[in-house]
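Single-letter residue listing:
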Amino acid sequence: METRREDVPNWDSFNYINFIVAVEMEFGVKFKVADIESFPNVGAIVKETQKILA
Amino acid sequence: MLAERTFTEADQERFAAVTGDRNPMHLDPVLARRTQAGAPAVHGVHLLLWGLDALARAEPALPPMRRLRAQFKHFATTGERIAVTATRMEAGVRLDFIAAGVTVAQLVTDFGAPVEAPEPLSGEAIPAPAEARDLSFDAMAAMSGRLAFASPPDALAAMFPAASGWLGSRRVAALGATTLLVGMVCPGLHSIYAGLTVEACDEPVSEDRLSFRVTATEPRFRSVSMTVAGGGLKGAVQSYARTPPTPQASVKDLAGAVEPGEFKGATALIIGGSRGLGEVTAKLLAAGGAKVAISYRVGGADAEAAAREIRSAGGVCETLAYDASLPADPQLAGLGEAPTHAYYFATPTIFRAQSALFARARLNAFLDVYVDGFLNLAEALRARRRDVSLFYPSSVFVAERPRGMLEYSMAKAAGETLCAEMNEAWAPLHVTVERLPRLRTDQTASVIGVSPPSPAGPLLAVVRETQSWPRKAETGPALAAPLQTASAG
């Protein structure tokens, strides 16, 4: 949950977009661009997903 | 390792001529420097076909390919050494393309018999375009058609004979047609080819065309997904519509922020003034009445365009070619008069993926420009005018040190130290140093639709501080400027 983009070797913006798209498809949610830009770690993505689904 | 090579401009030209993908990001060093690649990018499909050819040469008895998935993760540029490695997998082979320790592309082939043939190709016949189309993002959603191969299949097969022997020349040609599609048709001019997944199939009717249809667009990421079929392949292509080169504010837009005549009497030299932060600085100065000279290394046309705009708004502007890695003095010989002020925005490509924590060669490349180049310029200007006022753009990254930016941060820190020394040893010459945040330029463009803030505001503060030197009477700390100066940095 604390994992940040910086912690993943070879991570890049395309990987990040693919990851976000996969999460959106899996959970049927759609994040705002500003949130996508600023998610600091995996935990923040989980939290936002839960917030949208609530 | 399966193979290793460096792609040259001649290689790019040859591949572009056969596939028809003449997108300038692959061929034009001046335009390519305004893309996220920063330099001519090797076509992703060129990497892919080179790797498949090397694989087929190394293993002549490969089983038939059933499926191929490729991801183009980072730009590979001309002049870079690129290695391809092969890893056997349960049902196929994985190829990794590596530059400077980073996997720039990855390809997985699965072996097996061809899958069921698709329906015959349909849609409007589209000839291979001579120039890349410049579509709006909205227009891309409705794109479909049957795109003609740019050359007969045998032409590309001749470049990759082993791959053609394994896959068939028509499939090799169809792979080539996918780069024609992405680079020239949709998304076209401002495109990034992100990847493809295709399956081998029989062709209902042999036709030298690739049928395509856009299946999804996502404006948040500017992504464009397409289905493709033709030449014995069917599958999907993933691409992005790059944001076009970042336009900066016009002189007219900036004039409102500057007092009329605020910088009158000054003659300012802007190194790297043809685009980005240098361009905005030049326009701000000119809007305030300064005579400006903007330098360019390769972007002469960009510099002339900026100069024309300044002149048409009533300003005075000249242009000169200047390479920060060469001695400054002879390059400044053509200047009309000795600059009272100079702004130094020369920079190599800043963002580039690398796997190592620290790369000495990369640090050296930054030091050449951020330290040696600046020192060289300051010496030459000081010889003309002892109280010249200079601006050195440092970066918040010196303190923040984001991942992958170590060498950049180190070189900027070294530049700050040099400036502090100059201010002590070479007064009345003065260097203003400011740690700039990430601002909107070609180099900071992102595929996600949020861009950094406009540089106009932060740069106006920088210009006002730099233009306030030389100061007639120093009154000690009470005169402390709102911006950080080198001795304080």
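Undergrad: Provide a residue-level description of the pairing of strand S3 (residues 81–88) of chain B, including the pertinent values.
TA: Residues and elements named next belong to chain B. Bridge analysis of strand S1 (residues 3–6) against S3 gives four bridges, and the strand direction is antiparallel. Across the sheet, residue Arg 5 finds its bridge partner in S3, namely Ile 82. When S3 meets strand S4 (residues 92–99), the two strands line up antiparallel, connected through seven bridges. Bridged to Thr 87 within S4 is Arg 94.

Undergrad: Explain the sheet that holds strand S5 (residues 102–111) of chain B residue by residue, including any values.
TA: Residue and element names in this part refer to chain B. The strand order across the open sheet formed by 11 strands is S1-S3-S4-S5-S2-S8-S11-S10-S9-S7-S6, and the pairing between neighbours is mixed. Of all the strands in the sheet, just S1 and strand S6 (125–126) have a single pairing partner and so form its edges. Note: S4 against S5, eight bridges, orientation antiparallel. In the strand pairing of S5, Phe 97 is matched with Ala 105. In this fold helix H4 (residues 44–58) packs onto S1, strand S2 (65–72), S3, S4, S5 and strand S8 (191–200), with an angle of close to 125° to the strand it touches most, S4.

Undergrad: Please set out unusual backbone geometry residue by residue, giving values where relevant.
TA: Residues and elements named next belong to chain B. Along the chain, Cys 186 connects to Pro 187 via a cis peptide bond; the corresponding omega equals 0°. Look at Ala 100: it is not a glycine, yet its phi comes out positive at around 50°. Position of Ala 100 among the secondary structure elements: in the loop between S4 and S5.

Undergrad: Which residues make up the pairing of strand S17 (residues 430–436) of chain B, and what values do they have?
TA: Residues and elements named next belong to chain B. In terms of burial, S17 is a largely internal element, five of the seven residues being buried. Across seven bridges, strand S16 (residues 389–395) lies against S17 in parallel orientation. Each bridged residue has a counterpart across the sheet, and for Tyr 392 the counterpart in S17 is Val 433.

Undergrad: Could you give an account of helix H10 (residues 276–287) of chain B, naming the residues involved and the relevant values?
TA: Residues and elements named next belong to chain B. For H10, spanning 12 residues, the distance from its first C-alpha to its last is 17 Å, which sits close to the expected 16 Å at 1.5 Å a residue. By the criterion of burial, H10 is predominantly enclosed, with 12 of the 12 residues buried. For H10, every residue scored as buried is listed here: Gly 276, Leu 277, Gly 278, Glu 279, Val 280, Thr 281, Ala 282, Lys 283, Leu 284, Leu 285, Ala 286 and Ala 287. Gly 289 sits one or two positions beyond H10 and adopts a positive phi of about 100°.

Here is what the cut-offs are and how they apply
- Residues numbered from 1 in each chain as written.
- Chains lettered and ligands numbered in written order.
- Predicted model: local features only at pLDDT ≥ 70, side-chain atom pairs only at ≥ 80, totals over all residues.
- Pairing = 2+ DSSP bridges.
- Helix = DSSP H or I, 4+ residues; strand = E, 2+ residues; numbered from the N terminus.
- Contact = placed C-beta atoms within 7 Å.
- Axes fitted to C-alpha atoms, helices over the stretch in contact; angles between N-to-C directions.
- Buried ≥ 20, exposed ≤ 12 C-beta atoms within 10 Å, placed from the backbone.
- Expected span 1.5 Å × (residues − 1).

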